[in-house]
Amino acid sequence: MPTSPFQKHHKQIEAIARAWLAAGALTAGVRVPSGLTAHEWCVGEPSQDTLPTQMLTAAINMGGHGVGEIYVELPPAEYCHHSQMRLNTDAQLITRLFEAEDELTTMTGELVEAHDQLIAIYDLTESARNRISIHELLNALAHVAGRLLGVGSASALAQFNGELIGSHYPLPLLDERDLHVLMQSAHHAGRSITLDGRSNNLIRYSVVENVLVEPITIRGTLQAGLVLVDRAGGFGSPEIKLIHAITQQMGAQMENALLYQESLAQARLQARIHTEMEVAQRVQTRLLPQTTPRVAGLDIFAASRPAREVGGDMFDFVAPLHSQDEIVMFLCDVSGKGMPAALLMAMTRTMLRAKTKSLMASGNCTPRAILADANEDLYDDFTEVGMFVTAFAARYTSKGLVFTSAGHSPVIFCPAGGTPRLFAADAPPLGVLTDYLGFDQHLALQPGDVMVIATDGFVEASSPNGAMFGVERLLGLVQSLAERPAAAIAQALYDAVEQFQGGEPQADDQTVLILKTRS
Amino acid sequence: VNQQTMTATILIVDDYPVIQRTLSHTLTKHGYEVHIAGDGLAALALLSGAAVDAAIVDIAMPEMDGLTLLQTLRADARHVDLPVIILTASGQDEDRMAAEAAGATRFLNKPVSSHQLLETVAEVLNG
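Residues numbered from 1 in each chain as written. Chains lettered and ligands numbered in written order. Predicted model: local features only at pLDDT ≥ 70, side-chain atom pairs only at ≥ 80, totals over all residues. Heavy atoms only, no water.

The next subject is the interface of chain A and chain B. Counting from both sides, the interface comprises 16 residues of chain A and, opposite them, twelve residues of chain B. For the pair chain A and chain B, the summed buried surface comes to about 1,100 Å²; carbon and sulfur atoms form 56% of the total. Of the charged contacts in the structure, one is a salt bridge between E101 of chain A and R21 of chain B, with a shortest N-O distance of 3.5 Å. Seen at the junction of chain A and chain B, the total is two residue pairs in polar contact (both at pLDDT 80 or more). Breaking the side of chain A that touches chain B down by element, the ones donating at least two residues are α3 (81–128), α4 (134–149) and α6 (237–287) of chain A. Class assignment for the residues of the side of chain A that touches chain B results in nine nonpolar, four polar and three charged. (Contact = heavy atoms within 4.5 Å. Buried area = accessible area lost by both parts, 1.4 Å probe. Salt bridge = Lys/Arg side-chain N within 4 Å of Asp/Glu carboxyl O. Polar contact = N/O pair within 3.5 Å; in protein donor to acceptor, adjacent residues only side chain to side chain. Helix = DSSP H or I, 4+ residues; strand = E, 2+ residues; numbered from the N terminus. Nonpolar A, V, L, I, M, F, W, Y, C, P; charged D, E, K, R; others polar.)

Here you go:
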């Protein structure tokens, strides 16, 4: 039997009663509405005095209802008009005491509920830790919820890709169709629902007593839920709050699991792409000349640094068999970057090599003829994909250099001890017009002359504050470096542009070809 | 929880009023009679005048700690079989071993859920 408020506050009430006795009362106590005396204290033997005594009472209320009264019996000599006022005040004090106790009991109940919810969430988190599949999480939810509430059956369900998956503890008491309908009903209602098994159509043919269905929404659309069946005593507010708290927590964990699985799939895809790009880069690197050709009277160096794994820049050399005083050189830049540019770069390289060898064999090999022939074959393919390629082609012999530029820049010539100047392109890039409009330019080289042909990845390189490397800076560098060998000039150019970028990622491929006539 | 345990009387021995009140709330809500003592000495005084069916005892308390209380009870023929649940926040294995050595019936770590508390109380009462 629950402790009554009178019993619980026995000490305080006794103190009030004793204060009355000390003030001359014959008896003092409290009693409940039935008239049964809950507590009564009196002094000495019952009075033999024949004088009538004065009995005073005051009601003790809780929530507007009388729960008892306090009374005192006073001899006439002790009675005055303040006695009733004092007794009323004592009754109010006891009323307030009971109300405070009632509030504290309510708060304690809420504290215990919140405490239980926290422990349940902690237990669920512990049991779901390291579980990264939805099915494992459903399993943990069904076990924790089922054991926690001592239900006949707990079913945790989720519907993904049109398929209903679920886990049950210990065994399902409802069939899959009923569980699905219940979960959908809770989602439709947007809140938990409780059902009485004997009165609800959904489960009327089952033998279950009661059901609690808590919906779980993942990412606002995916449906999951927890169905608890047959709890002795049913599902009250504390149980519903508890289940709501742990399903919310589980919903968050399911979202994390989905996110993890998606990240994993994405990472696997990225890894596969990365592997393919690495292979592509190796293939592309092999397409570039692995050694610098030896040509009498000319110091040559070329290098390429792609912005991504593969790029659209290329350089190449073609020399006639058994010849050390003649060479044809190319430096090209396919529009765009990445795999599409790399594919067209490979195609352009093949085309240029084939045309060069064919023209060499016929004895009509000039840079203009090579680019004109190549453009004729490349035009349709480049136009089809909306791309183009800038190309510098040159033929070096003991008589000097002949070159043509299909939209390519910068092409810099720095005479020995002189000031570098920029050659303008003499035709649009390959793949833009059906006919090649460029022409051969002749340059008689003197010992110490330097030519630097680069791609726009150099001049358009950006510093962290957005400034561009620019042609002027490149011209100044070439002049200051002209005394060095070709390889040293190239290295210094790369160092300078890298320093200029200040750690910013390289935005475009950077390719350079250096020619320097030997003294 | 059967009818027999529903009328049982449980002694809560803990110096922390919040624990006293929350444990008492959970137990009385489920039909148990509850007595409360703030430490081991108060518990012994209470046991000398009231019959209880089981005790829930904290370890760290002023005056007399829970392990000393447990040893005292086990040395007393009247309480040698009293089911005692040690409920402590320490979480240390040494405390668990010491409690088991002193004759604890069960050992629980704080925080404990209402469900676990009620389940454990029912178990110790049912032997």
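Past the structure itself, the notes keep going.
This part covers unusual backbone geometry. Omega for the bond connecting S409 of chain A with P410 of chain A falls within 30 degrees of zero, at 5°, which places this linkage in the cis form. The step from K110 of chain B to P111 of chain B runs through a cis peptide bond, and the omega angle for that step is 0°. Relative to the helices and strands, P111 of chain B resides in the loop between β5 (106–109) and α6 (114–125). With a phi close to 60°, D230 of chain A is a non-glycine residue in the positive phi region. Note that D230 of chain A resides in the loop between β9 (222–229) and α6.

Take the sheet that holds strand β14 (residues 400–406) of chain A next. All names here are of chain A. Strand order across the open sheet formed by five strands is β11-β12-β13-β14-β17, with antiparallel pairing between neighbours. If you trace the sheet from one side to the other, it starts and ends with β11 (313–318) and β17 (441–443), each paired once. Pairs of neighbouring strands in the sheet enclose a mean axial angle of 15°, with direction left out of account. Of the pairings in the sheet, the one linking strand β12 (residues 327–334) to strand β13 (residues 389–397) comprises eight bridges and is antiparallel in character. The partner of F330 across the bridge, within β13, is A393. Of the strands in this sheet, β11, β12 and β13 are in contact with helix α7 (residues 338–362), which crosses β11 at around 20°. (Pairing = 2+ DSSP bridges. Axes fitted to C-alpha atoms, helices over the stretch in contact; angles between N-to-C directions.)

Now for the confidence of the model for chain B. Residue and element names in this part refer to chain B. For chain B, mean pLDDT is 89; residues scoring 70 or higher make up 95% of the total. In the predicted structure, residues 1–5 sits below a pLDDT of 50 and forms eight contacts with residues beyond four places in sequence or in another chain. Prediction confidence for the complex, expressed as pTM and ipTM, is 0.53 and 0.83 respectively. (pLDDT = per-residue confidence, 0-100.)

As a further point, take α3 of chain A. Between its first and last C-alpha, α3 of chain A extends 71 Å over 48 residues, near the 70 Å set by a 1.5 Å rise per residue. Positive phi appears at N130 of chain A, one or two residues downstream of α3 of chain A, with a value of about 70°. (Expected span 1.5 Å × (residues − 1).)

This part takes up the environment of R353 of chain A. Residue and element names in this part refer to chain A. Along the polypeptide, R353 turns up in helix α7. Each C-alpha atom, one on R353 and one on F317, is 8.5 Å from the other, the two residues being 36 residues apart in sequence. Every residue in contact with R353, bar those within four places of it in the chain, is listed here: D316, F317 and V318.

Our focus in this paragraph is the pattern of salt bridges. Applying the stated criterion across every chain, the model contains 20 salt bridges over all chains. Of the charged contacts, one joins E239 of chain A and R231 of chain A as a salt bridge, the two residues approaching to 3.5 Å between their closest N and O atoms. With respect to class, E239 of chain A is no different from R231 of chain A; both count as buried. Between D76 of chain B and R78 of chain B there is a salt bridge; the shortest N-O distance is 2.8 Å. (Buried < 20%, exposed > 50% of the residue type's maximum accessible area, 1.4 Å probe, protein only.)

Quick look at the nonpolar core now. Grouped together as the largest cluster of nonpolar side chains are 51 residues, with contacts concentrated most on I300, M329, L401, M451, L513 and L515 of chain A. Of all hydrophobic cores here, the second largest spans 32 residues; its members include A120, A128, L148 and L149 of chain A. (Core = buried A, V, L, I, M, F, W, Y, C linked by side-chain atoms within 4.5 Å.)

This part covers α6 of chain B. Residue and element names in this part refer to chain B. Helix length check: α6 (twelve residues) gives 16 Å between terminal C-alpha atoms against 16 Å at 1.5 Å per residue, within 8%. When we look at burial in α6, the residues that qualify are S114, L117, L118, T120, V121, A122, V124 and L125. Note on α6: the residue one or two positions beyond its end, G127, has a positive phi of about 75°.

To continue, consider the packing of aromatic side chains. All names here are of chain A. Considering all chains together, one arrives at seven aromatic pairs over all chains under this definition. Ring centres of F469 and F500 lie 5.3 Å apart, and the angle between their planes is 85°; on these two criteria the pair is classed as edge-to-face. Of the two residues, F469 sits in the loop between α9 (456–459) and α10 (471–481) while F500 sits in helix α11 (residues 486–501), which places them 31 residues apart along the sequence. In terms of burial, F469 and F500 fall into one category: buried. Ring-pair connections join several aromatic residues into one group, and the members of that group are F392, F403, F413 and F423. The ring of W20 carries R86 above its face, with NZ or CZ at 4.0 Å from the centroid. Sitting over the face of the ring of F469, R473 holds its NZ or CZ atom 5.5 Å from the ring centroid. (Phe/Tyr/Trp six-rings, centres within 6.5 Å; stacked < 30°, edge-to-face > 60°. Lys NZ or Arg CZ within 6 Å of the ring centre and 35° of its normal.)

Here we come to the side chain of S24 of chain B. All names here are of chain B. Looking at the secondary structure, you find S24 in helix α2 (residues 17–29). For S24, a relative accessible area of 15% corresponds to the buried category. Setting aside residues up to four positions removed in sequence, S24 forms contacts with I12, I19, V34 and I36.

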